[in-house]
Every structure is written in structure tokens, then in C-alpha cells.
Amino acid sequence: MANEEDDPVVQEIKPKQQKVELEMAIDTLNPNYCRSKGEQIALNVDGACADETSTYSSKLMDKQTFCSSQTTSNTSRYAAALYRQGELHLTPLHGILQLRPSFSYLDKADAKHREREAANEAGDSSQDEAEEDVKQITVRFSRPESEQARQRRVQSYEFLQKKHAEEPWVHLHYYGLRDSRSEHERQYLLCPGSSGVENTELVKSPSEYLMMLMPPSQEEEKDKPVAPSNVLSMAQLRTLPLADQIKILMKNVKVMPFANLMSLLGPSIDSVAVLRGIQKVAMLVQGNWVVKSDILYPKDSSSPHSGVPAEVLCRGRDFVMWKFTQSRWVVRKEVATVTKLCAEDVKDFLEHMAVVRINKGWEFVLPYDGEFIRKHPDVVQRQHMLWTGIQAKLEKVYNLVKESMPKKPDGQSGPARLVSGDQRVQVAKTKAQQNHALLERELQRRKEQIQASSVLPGLRIKEEPVSEEGEEEEEQEVEEPMDTSPGSGLNSRLANGLPAVRAAGGDSFNGHPPPGCASTPVARELRAFVEATFQRQFVLTLSELKRLFNLHLASLPPGHTLFSGISDRMLQDTVLAAGCKQILVPFPPQTAASPDEQKVFALWESGDMSDQHRQVLLEIFSKNYRVRRNMIQSRLTQECGEDLSKQEVDKVLKDCCVSYGGMWYLKGTVQS
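Residues numbered from 1 in each chain as written. Predicted model: local features only at pLDDT ≥ 70, side-chain atom pairs only at ≥ 80, totals over all residues. Heavy atoms only, no water.

- Named according to an unreviewed UniProt entry, the chain is RNA polymerase III subunit E originating from Microcebus murinus.

So this is what it looks like as C-alpha cells:
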């Protein structure tokens, strides 16, 4: 430690900008000076006893310290100008310092206050200390300081502060503005001998001279942020390339009409270039532009709520955007069921592009922009092709039922509103009447096929195998083909919210599909809908299944085969044929559930690892209307022969049940 001062300085690193402190005297005789306040500050800083270490030796605050701060990192673009006799003299600046008041004396006052408090506490305990016995102390000598330890100490904040405090003050003499010495120094700001001598530096063009005077700063361009973090500066934004401007605006706004985007970019921007750039970062939804999912969720990012990777988030958000191309309304529960994402992630997706309406769902935030659709059909067609590809990927990933895109070339749904079931029925009737000729031709074609394939014209005999006791009934049971003529169908009773078709023999409804109709287009379409629906929702009541079926029909184009009329019996038979089972839930006697709500169907086997767990759960609810969780978990453990984790139990309950009042019910059976 003794030889430390003899160590040579290997390297001295100076900061880019020196820190300067300027101490100036305060006129205490000025009438604006508050003497009592100055005495109080001096007393707080130095205490009652003054010595050579006192900050204010006169027991009065008679000086103020100013500390410099760096105003800019690059001063090469600044100059001091002096205008004299029609000439502008410029002097380059190598440093700019701004002096601000330093309040370090307040730190000294706080330190004095803590010392006085410590002294008072020590005085209170002095009597106890006198009574203590003398204790033996151990003296230790410090080890020699290593080179690494010395370098860390020299670079520490305490060492730099101590070195700064030990630096001696340099006394300065102030010269006024009119003083001869000030005037002499000011002459250095003038260019000597400018008259009579040709300045070769000024023979350049004005633009070249300005470039020499203010060269582009490489450092500032390097330090310039790519995009503002939370506040978007339009002045700074317009200095960026057009592609970056569009990307930043869409990333911040999320959804924007094209007209608004053009107004933000400025009137001088070419709309064709904007159209080219917007298609790289956004997708067209209902005539408006919505930022792409991969812009909001980059490749290596993840959800802040659930930790789900960006790829899954992009897929889920694309599903929400695609749903809005089909309708103005989206149900949050349906999105969560399909995407299997947590509620917070789904809510983020919807808040990007929709607003919630009580008892209705989420509505797209902007109105349908028909003007853009009419003006730019080529862009609309290109976006339609992109959405067709996205739809195919979503159907493959989420196992969706293949739905036809709207007939419009843009693939966007026009202005829509929420309609009731009766209104949907009326719409279906109108569509059936409009397609009267098409249905008649289809009916005639089917009748010709039936006449060519059957022994008795117009009749089909059931070929289902039955027992010997039922042979007589088999011989008598005859069913005629379904009458799909619009005249009879529109005036008949309704099932599933659609026109029910009367049988030719006077039956009020055609019970199940004709024998051998499993390969008909109607049966295939209905079977595909049922299978896809139960793959998404494992448990459904007949009432909920009919509601989903009506929504599916509303999305189909006019003249679709499913508009021929589907009865409740046909729908139930298709559900059972698709591998589902009816769960006979013992509803309480006083239940308010309708007959359709008491018919519960569940997918028995889906092909995943949780089939056995779901089957045990469904057997429990075939004997109990509601069950506690601990009973479900113990039964699952008993039947499956292993201790299931909480995540596995939660998955099974989420697939099939809902919780209400601390009890678990099958989906659709709880009566609040």
C-alpha cells in the first residue's frame, strides 16, 4: 500500500467531453437576497462549528456552483456566427457545454443530519457502553493489492468522486463585455484579410458549400432508432424510406383504411407505391388493411401471457382475421375453442381489430370500405388469392370444415349485421324461391335416377338387416324419396330453422335419409359437418348442435345441397353414425331445460391420448347431473390405474365440462 503512489500511470483514458465546474460568488448585499434562508442553508451544511472544511466559511450561503452537462454528441455541424459589415463570419465549434446549478451542498446537509442523529443515539447508549467489559480485538493487516484489484478500485465510482473532489480550483478573472481584453478575444471570431484576397473555398455551388458546412453525420445516422418505441414522431417518420413508414404506421395502428394511410403519408406520395408497400405488411379485410401477424409477432418472440411461440400466435391471429373476412361478427369463445389459445391471447387478437358489443360478440372496428374495393379490383383479386391460401392452411391445421369463400372477388364480406334465427329462416326461404328452377331440375334428375335403379317406379324398399321377428314389419315398411320441390317445402313445418320437406305419402316429415343414401351429397356434407364440429367441441346438446348447423347453413352459397331440408332425426342419426354417443344425463325434475337441451351427445373416440379419460368422465355424468372435482380425479385415477397430473385432468375437464358454483357440469347442461 505504501508503494502505491509510486506506481507509474500506464494509460490515462480521458472522456470525450470534459466536465467543468464553475463556482460563482453570490451578492449577499443585494436586496433580493434572503439572509435568513442563506444562514439556514449554511447551518444545515456546515453545522454550528466552522473550520477549514466548511463549505461556507462566512456562515452564510455566499456562493453557487455550476456544473457542465453535454448538450450534443456531435458538435461538428455547429458554428458560431458573427455578422459585421455585410459579412457573415463562421467559426467552427469543437465543444458545447451547458452550465446548470449544482446542489451537492444538499448532500452535505443530509450527511450532517445523519451524523447528528448517530451522535444522539450514541449519547443515549453511552451509559450502557461504560458498563460493558473491555473486549479483545484482533488486528489484521491488509494483503498486498493485486493489479486487477487496483484497476477495479481506480475505475470505481467512489475513487473517481474522490479524485474529482481533490482537484484544485483555478481562480478566474471576469472581464466585462466592454473590456478591451474581451474585445481582443472577440476579434478571433473574424476572418482576417477577407477583402482583396480571393477565397477559393467559395467558388463551389451553394449546394456543395452547404454540404461542406453541414456534412451528413455518420454517428447520428447510426444512433437513430429504427422506430419510436411508444410515441410516433411524424417529423422523424417522414425521414425514413416509404416501406419503413408504412410498416411503422401499420404496426402502431393495427387497422387502417387506405385513405387514412395516404393522408398520414402526405399528398406528395404516389398511391401506387403505397399500394405496393402496404401489401407486404398488411392484409385486406372488409376493404380495410390489417397488419400481418408476423409483423406483430416476429419469429423468435413468444406470448407475454402464456409463452406460446410466435408461430402459434400468428396462426391464431390469422384465424381471427380470416373469420372477419367472412362476417363482421366473431365470437371469442369460438376462437378460443378452435385455436386452443389462452383467453388473454385471444383477447389481444380481437382488440387489435374489433370492439366488443354486449350480448353480441366482437364486431370489426371499421366499416366496410366499398369505395376501395371498387377502385382497386386488381389488388382485391390478389388479396382474395392470398386469403384462399391462408384458408387452406387453417383448415388443415385446425381441422375445419371446408367452407366456400364468398362469391365476391375480394373475398371480403360486405356490411353485415347480427340477425336472429327467424330472420335466417326467412332468408333461407327467399333463397329457395330464387333458386326454384335449379331445384326443379335437380329433383327431375333424381327422379329419373330413382326410376332407372328401382323395381317399382317411385318406391324404395329398406334393405337394413333385421331380426326374424321383424320380417313382417320389413316387408311392409316402405319409404318414398324426399320431395324437394319448393312449393311443398316452403309451406311445411320447420326443423333446424330450415324448410322441412313433406313426404309424398302424407308424412309430416321425412324421418331419416332413404336407404343407401350414405353416399349422397347431402349425407356426405352433413357427415363432414358433424365430424368437424365434434372434433372441435367434444360435447354438444342437440339444441347447440342445431344452432351451429344453422350458422353453417347461413355461410353456404345459395343452391347448396344442404338446403334440401335436414330433419332432427336425420341430424341425430348422422351424429350417432359419426362415432358419437348419447349421454343420458339425469337432469333434476325441476329443470328448465328444453327437450333438445336434455339430449346430450359426445364424441366417444377422437384418436388422441385422452379418449380413455373422456370416456370415464362421460360415464360419471351418465349417472350424475353435477360432480365435484375431487370425485372426478379419484375416479379417473381408479379407472386409468395411474396418478394423472393436474394438467391432464384440466384438459379433460376443459374438453367436456364447465364449472359453476364449485361444481362441474357437462357442457350445455348447466342451468344458471
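Observations regarding the confidence of the model for the chain
Piece 1. Summing up the model confidence of the chain, the mean pLDDT is 75 and the portion of residues at 70 or higher is 74%.
Piece 2. Low confidence marks residues 1–17, where pLDDT is under 50. Its contacts with residues over four positions away, or in another chain, come to eight contacts.
Piece 3. In the predicted structure, residues 403–418 sits below a pLDDT of 50 and forms 54 contacts with residues beyond four places in sequence or in another chain. (pLDDT = per-residue confidence, 0-100. Contact = heavy atoms within 4.5 Å.)

Overview of the nonpolar core
Piece 1. Met 250, Ile 278, Trp 289 and Phe 324 are the most contacted members of the largest nonpolar core, which totals 57 residues.
Piece 2. Within the second largest apolar cluster, 49 residues are counted, among which are Leu 545, Trp 604, Leu 617 and Trp 664. (Core = buried A, V, L, I, M, F, W, Y, C linked by side-chain atoms within 4.5 Å. Buried < 20%, exposed > 50% of the residue type's maximum accessible area, 1.4 Å probe, protein only.)

Structural notes on the sheet that holds strand β1 (residues 21–25)
Note on sheets: strands pair through backbone hydrogen bonds, and any given pair is parallel or antiparallel.
Piece 1. Ordered by their spatial adjacency, three strands build an open sheet running β1-β2-β5, and the pairing between neighbours is antiparallel. One side of each edge strand has no neighbouring strand; the edge strands of this open sheet are β1 and β5 (97–101). Mean inter-strand twist for the sheet, computed between neighbouring axes without regard to direction, equals 30 degrees.
Piece 2. Examined bridge by bridge, β1 and strand β2 (residues 63–70) share five bridges and lie antiparallel to one another. Paired with Met 24 across the bridge in β2 is Gln 64. (Pairing = 2+ DSSP bridges. Helix = DSSP H or I, 4+ residues; strand = E, 2+ residues; numbered from the N terminus. Axes fitted to C-alpha atoms, helices over the stretch in contact; angles between N-to-C directions.)

Notes on the pattern of salt bridges
Piece 1. For the structure shown, the criterion picks out 19 salt bridges.
Piece 2. Between Glu 531 and Arg 527 there is a salt bridge whose closest N-O contact spans 2.7 Å. Taken together, the residues Glu 531 and Arg 527, both in helix α23 (residues 521–536) and four residues apart, mark about one turn of the helix.
Piece 3. Looking at Arg 527, the relative accessible area reads 32%, which means it is partly exposed.
Piece 4. Between Arg 629 and Asp 650 there is a salt bridge, with its nearest N and O atoms 2.8 Å apart. Taken together, the residues span a long stretch of sequence, with Arg 629 in helix α28 (residues 629–640) and Asp 650 in helix α29 (residues 646–656) at a distance of 21 residues.
Piece 5. Residue Arg 629 is classed as partly exposed on the basis of its relative accessible area of 24%.
Piece 6. You can call Asp 650 partly exposed: its relative accessible area is 28%.
Piece 7. Each member of the salt-bridge network shares a partner with another, and the members are Asp 611, Arg 614, Lys 651 and Asp 655. (Salt bridge = Lys/Arg side-chain N within 4 Å of Asp/Glu carboxyl O.)

Section: the sheet that holds strand β16 (residues 539–541)
Piece 1. Strands sit in the order β16-β18-β17 across an open sheet of three strands; the sheet is antiparallel. The outermost strands of the open sheet, each flanked by one partner alone, are β16 and β17 (580–583). Pairwise comparison of adjacent strand axes, ignoring direction, gives a mean angle of 30 degrees for this sheet.
Piece 2. Bridge count between β17 and strand β18 (residues 600–603): four bridges; the pairing is antiparallel. Looking across to β18, one finds that Gln 582 is bridged to Phe 601.
Piece 3. Sheet strands touched by helix α24 (residues 542–554): β16 and β18. Its angle to β16, the strand with the most contacts, is close to 90 degrees.

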